[in-house]
Amino acid sequence: LDHSKRNGRNRLTFYEKGMRLHEMRELDLIEQLRYSIEHDFIGFALHFQPQVDANTKQIVGAEALARWKSDIYGNVPPLIFIPLLEKSGLINEAGKWIFQKAVQYCKEMTTILPTFCVSINLSYIQLSDLQFLAFMQQVLKEEMIDPSHIIVEMTESYMVKNDDMQQTLFHKIRALGIRIAMDDFGTGFSSLGVLKKAPADIVKIDKVFMKDVLTSNFDATFIRFIVTLCHDVNIKVLLEGVETKEEYEKVKTMGLDYIQGYYFGKPQPFQQFKKNCENNTSDV
Ligand code: C2E
Ligand code: MG
Ligand code: MG
Ligand code: MG
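Residues numbered from 1 in each chain as written. Chains lettered and ligands numbered in written order. Predicted model: local features only at pLDDT ≥ 70, side-chain atom pairs only at ≥ 80, totals over all residues. Heavy atoms only, no water.

- An unreviewed UniProt entry lists the protein under the name Diguanylate cyclase (GGDEF)-like protein, from Longicatena caecimuris.

As structure tokens, then:
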């Protein structure tokens, strides 16, 4: 591919004949992601979505969620661009940027809420990069932040892989003082026995269980059951996807530790998130 022709009309002629349209579009998006990354992450942003205490409804932290706006396509959802970053190997560099930004923002937040925690999504690719561990350690040192403020999220399906090297890595991450959250819990087709061995401090119940929670006895029972099981083995539970007051009323007696969902706030650009928190804390 000829990088100098980036914005030229001829760009598509560089692709091989016979490629399907979605493959060309993927390559095109990857080239644009690469361009953004090479130009100081232009178009990238990190939004914060509040995580609240399930009982007091007070903000205890936020999940950091990556956003990317391409010149040509506009806002591209993370469910599209994260897999492309993974496929192209760019996730290592992007993941470092995300981690560092998230930690900096978290540090800023602790001036308003001293116990504030940030939850950062990690890709399975980043975890096969052994230098990432050293990188995390270095960032925490540079930012002079206690690791107890940092949580890393990994998907359930990745965490249950029975790979010695990974298990060692999880233990090393926890040895740094960083906590681990198991993301998308309940969607990974694994048995509940994973909770016995998983090095997780927090389980995040996937938002699919909120979809029919008002009408489905199964979903409500599942959530209560997971809370009981996790608390027995000292794991905290966060429920994702609470969107309405009615849903909150339904789940608030289920013994959950934390809740994250549109009802308590959508992902927001960091400066806006911070401003909202400042206004809320000065009100009380
Ligand atoms: P996730 O880690 O499970 O993040 C939660 C997703 O649920 C976010 O979608 C969030 O906006 C959405 N969400 C939160 N509350 C609600 C709600 O009440 N209702 C509904 N319908 N949705 C809600 P988002 O931001 O589009 O991210 C999608 C996925 O992309 C994430 O799922 C995560 O797997 C991935 N992702 C996002 N940012 C990053 C990142 O910085 N690094 C990595 N590796 N993956 C990321
Ligand atoms: Mg997550
Ligand atoms: Mg999740
Ligand atoms: Mg998810």
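Anyway, onward from the coordinates.
## Some words on the coordination of the magnesium ion (ligand 2)
Okay, so step 1: Taken together, the protein ligands of the magnesium ion (ligand 2) are E63 (OE), N121 (OD1), E153 (OE) and D183 (OD), with distances of 2.0 to 2.2 Å.
Okay, so step 2: The metal-metal distance between the magnesium ion (ligand 2) and the magnesium ion (ligand 3) is 3.8 Å, with D183 serving as a donor to both. Here N121 is found in strand β4 (residues 117–121), whereas its partner D183 is found in strand β6 (residues 179–185), with 62 residues between them in sequence.
Okay, so step 3: For N121, a relative accessible area of 28% translates into the label partly exposed. (Donors = N, O, S within 2.8 Å, 3.2 Å for Na, K, Ca; no water. Helix = DSSP H or I, 4+ residues; strand = E, 2+ residues; numbered from the N terminus. Buried < 20%, exposed > 50% of the residue type's maximum accessible area, 1.4 Å probe, protein only.)

## What about the nonpolar core?
Okay, so step 1: If you look at the biggest cluster of nonpolar residues, it comprises 84 residues, and the most contacted ones within it are F99, M154 and I173.
Okay, so step 2: Of all the elements, helix α3 (residues 91–109) adds the most residues to this core, at 10 residues.
Okay, so step 3: For M154, the contacting residues outside a window of four places in its chain are L122, L127, M159, F170, I173, I180, A181, M182 and D183.
Okay, so step 4: If you look at the next biggest cluster of nonpolar residues, it comprises six residues, including C117, I202, L238 and Y258. (Core = buried A, V, L, I, M, F, W, Y, C linked by side-chain atoms within 4.5 Å. Contact = heavy atoms within 4.5 Å.)

## Let's talk about the pattern of salt bridges
A side chain with one charge can pair with a side chain of the opposite charge if their charged atoms come near.
Okay, so step 1: A full pass over the atoms with the stated rule returns nine salt bridges.
Okay, so step 2: As a salt-bridge pair, E153 and K204 come within 2.6 Å of each other at their nearest N and O atoms. Residue E153 is located in strand β5 (residues 150–155), and its partner K204 is located in strand β7 (residues 202–205); the two are separated by 51 residues in the primary sequence.
Okay, so step 3: Of the residues examined, E153 reaches a relative accessible area of 1% and is grouped as buried.
Okay, so step 4: On the basis of relative accessible area, K204 is assigned to the buried category, the value being 1%.
Okay, so step 5: Three or more residues are tied together by salt bridges with common partners; here these are E63, E153, K204 and E240. (Salt bridge = Lys/Arg side-chain N within 4 Å of Asp/Glu carboxyl O.)

## Description of the site of ligand 1
Okay, so step 1: Within the structure, ligand 1 sits among 23 residues, and R67, N121, D183, E243 and Y262 are positioned closest to it.
Okay, so step 2: Contact between ligand 1 and E243: a nitrogen atom at 2.6 Å from a side-chain N or O atom of the residue.
Okay, so step 3: Look at ligand 1: alone it shows 810 Å² of surface, and the protein chains cover 85% of it.
Okay, so step 4: Looking at the shell around ligand 1, the elements with two or more residues in it are β2 (59–70), α2 (78–88) and β6.
Okay, so step 5: At four residues, β2 tops the list of elements feeding residues into the shell around ligand 1.
Okay, so step 6: Of the residues that constitute the shell around ligand 1, the class distribution is 10 nonpolar, five polar and eight charged. (Near = heavy atom within 4 Å. Polar contact = N/O pair within 3.5 Å; in protein donor to acceptor, adjacent residues only side chain to side chain. Areas by Shrake-Rupley, 256 points an atom, 1.4 Å probe, with all protein chains shown as cover. Nonpolar A, V, L, I, M, F, W, Y, C, P; charged D, E, K, R; others polar.)

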